[in-house]
Amino acid sequence: MSTRRLLATAGRVLLQLRHDPRTIALILVVPCALLALLWWVLIDSPQNFDQYGPALLAIFPLISMFLVTSIATLRERSAGTLERLLTMPVAKVDFLGGYAVAFGAAATVQALLASGLSLGPLGMDVKGPAWAVVLVAVLVALLGTSLGLFVSAFAKTEFQAVQFMPAVILPQLLLCGIIAPTEQLPTFLEWVSTVLPLTYAVQAMQHLAVVGTLSAPFPRDAVVLVGFTVGFLLLGSATLRRRTP
């Protein structure tokens, strides 16, 4: 891996992103707008916003970053950009790492904006420290980035990349604990939920919402999120193809 090539790839992606206002809106505006809409729906029940807001603060960035990164990476491959780059001294890990750095930076800004809006103007009340909420939001956005990079290797068109969302994201939404506590799920589904990354994101946010300290299981959940993010990036570099067949 070459740091210079990785950063050059990241710079190219950020330059392209700068000239794509729709993608910028999807990354930075949509999660904030959805959180504001949730606050508006629950304006007469602020305690419900305090209950559901933290979990959705983890879900919205994951979905938006998953969509953006999976489609953008597939576009590079289907347009032949990846194939041309890999004829040069650019390794797959440089390409994927550059994308991870570029969209990771965008994901961090997204998480900071969504967290600042929720904890500030929208008045979401959490017992834990605000910086920990922001940290989890950043980790989840980075997770969505790495998951999108990994899944893009299995799609042939941008439409197929979008089709992966119901298969990859929706089961996690159903089993992460936001609809029913994971310990109340049937035994098999409870076991499945333990191997899904979104479960740990929601658990971390729910812990911060009701507990004032960073006691267990919060540290474990944060470490697991980092592990999933790194793991998906490694899998993505191993499965990335030069072109779409």
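Description of the structure in this document.

## What to know about the overall build of the protein
Next, step 1: Helix and strand counts for the protein stand at 11 helices and 0 strands.
Next, step 2: Along the protein, helices and strands appear, N-terminal first, in the series α-α-α-α-α-α-α-α-α-α-α.
Next, step 3: Taken across its 245 residues, the protein has 48% of its residues classed as buried.
Next, step 4: Taking as baseline every contact in the protein between residues at least 6 positions apart, the subset at least 24 positions apart corresponds to 79%.
Next, step 5: Total accessible area computed for the protein in this model is approximately 11,400 Å², and 70% of it derives from carbon and sulfur atoms.

## Considering the environment of Leu139
Next, step 1: Its location among the elements puts Leu139 in helix α6 (residues 130-151).
Next, step 2: Every residue in contact with Leu139, bar those within four places of it in the chain, is listed here: Ala222, Leu225, Val226 and Thr229.

## Here's the deal with a nonpolar patch on the surface
Next, step 1: A cluster of nonpolar side chains, namely Val30, Leu34, Leu37, Trp39, Trp40, Val41 and Ile43, defines an oily patch on the protein surface of about 670 Å² accessible area.
Next, step 2: Turning to its location among the elements, Leu37 is positioned in helix α2 (residues 21-41).
Next, step 3: The class for Leu37 is partly exposed, based on a relative accessible area of 46%.

## Quick word on helix α10 (residues 197-210)
What sets the pattern is the α-helix's 3.6 residues per turn: residues three or four places apart point alike.
Next, step 1: The terminal C-alpha atoms of α10, which comprises 14 residues, lie 21 Å apart, in line with the 20 Å expected from a rise of 1.5 Å per residue.
Next, step 2: Counting buried positions along α10 yields 11 of 14 residues, so the element is predominantly enclosed.
Next, step 3: Listed as buried for α10 are Pro197, Leu198, Thr199, Tyr200, Ala201, Val202, Ala204, Met205, His207, Leu208 and Ala209.

## With respect to the packing of aromatic side chains
We describe a pair of aromatic rings using the distance from one ring centre to the other and the angle between the two ring planes.
Next, step 1: This structure, assessed with the given rule, holds 4 aromatic pairs.
Next, step 2: Measuring from centroid to centroid gives 6.0 Å for Phe228 and Phe232, while their planes differ by 25 degrees, and the two rings are stacked. You can see Phe228 and its partner Phe232 sitting in helix α11 (residues 218-239), 4 residues apart, about one turn around the helix.
Next, step 3: Judged by its relative accessible area of 13%, Phe232 is buried.
Next, step 4: Among the aromatic residues, ring-to-ring pairing joins Phe150, Tyr200, Phe228 and Phe232 into one connected group.

## Points about the nonpolar core
Next, step 1: Within the largest apolar cluster, 62 residues are counted, with the highest numbers of intra-cluster contacts made by Leu57, Ile59, Phe103, Val136, Leu198 and Leu225.
Next, step 2: Among the secondary structure elements, those contributing two or more residues to this core are α1 (3-18), α2, α3 (46-78), α5 (92-119), α6, α10 and α11.
Next, step 3: Here this core gets 14 residues from one element, more than from any other, and that element is α3.
Next, step 4: Apart from the residues within four sequence positions on either side, Val136 is in contact with Ala201, Ala204, Met205, Leu208, Phe218 and Leu225.

## Overview of α1
Next, step 1: The end-to-end C-alpha distance of α1, which contains 16 residues, comes to 22 Å, matching closely the 22 Å that a straight helix rising 1.5 Å per residue would cover.
Next, step 2: When we look at burial in α1, the residues that qualify are Leu6, Thr9, Ala10, Val13 and Leu17. Buried residues of α1 fall within an arc of 100 degrees about the axis and therefore sit on the same side. In α1, the exposed residues that point more than 90 degrees away from the buried face are Arg4, Leu7 and Arg18.

## Here's the deal with the environment of Ala201
Next, step 1: Within the secondary structure, Ala201 sits in helix α10.
Next, step 2: Distance from Ala201 to Leu139, taken between C-alpha atoms, is 8.4 Å for residues 62 residues apart in sequence.
Next, step 3: Excluding its chain neighbours within four sequence positions, the residues that come into contact with Ala201 are Ala58, Val136, Val140 and Leu225.

## A look at the packing of α6 against α10
Next, step 1: Orientation of α6 relative to α10, taken along the N-to-C sense of each, is 170 degrees, at an axis distance of 10 Å. The pairing of α6 with α10 is recorded here as roughly antiparallel in orientation. Across the interface between the two elements, Ala132, Val133, Val136, Ala137, Val140 and Leu143 from α6 touch Pro197, Ala201, Ala204, Met205 and Leu208 from α10.
Next, step 2: Across the contact of α6 with α10, the residue classes tally to 11 nonpolar, no polar and no charged.

Basis of the calculations
Residues numbered from 1 in each chain as written. Predicted model: local features only at pLDDT ≥ 70, side-chain atom pairs only at ≥ 80, totals over all residues. Heavy atoms only, no water. Helix = DSSP H or I, 4+ residues; strand = E, 2+ residues; numbered from the N terminus. Buried < 20%, exposed > 50% of the residue type's maximum accessible area, 1.4 Å probe, protein only. Contact = heavy atoms within 4.5 Å. Areas by Shrake-Rupley, 256 points an atom, 1.4 Å probe, with all protein chains shown as cover. Patch = residues over 30% accessible without salt bridge, like charges linked within 9 Å, V, L, I, M, F, W, Y side chains within 5 Å. Salt bridge = Lys/Arg side-chain N within 4 Å of Asp/Glu carboxyl O. Expected span 1.5 Å × (residues − 1). Phe/Tyr/Trp six-rings, centres within 6.5 Å; stacked < 30°, edge-to-face > 60°. Core = buried A, V, L, I, M, F, W, Y, C linked by side-chain atoms within 4.5 Å. Arc of directions from axis to C-beta. Axes fitted to C-alpha atoms, helices over the stretch in contact; angles between N-to-C directions. Parallel < 35°, antiparallel > 145°, perpendicular 65-115°, else oblique. Nonpolar A, V, L, I, M, F, W, Y, C, P; charged D, E, K, R; others polar.

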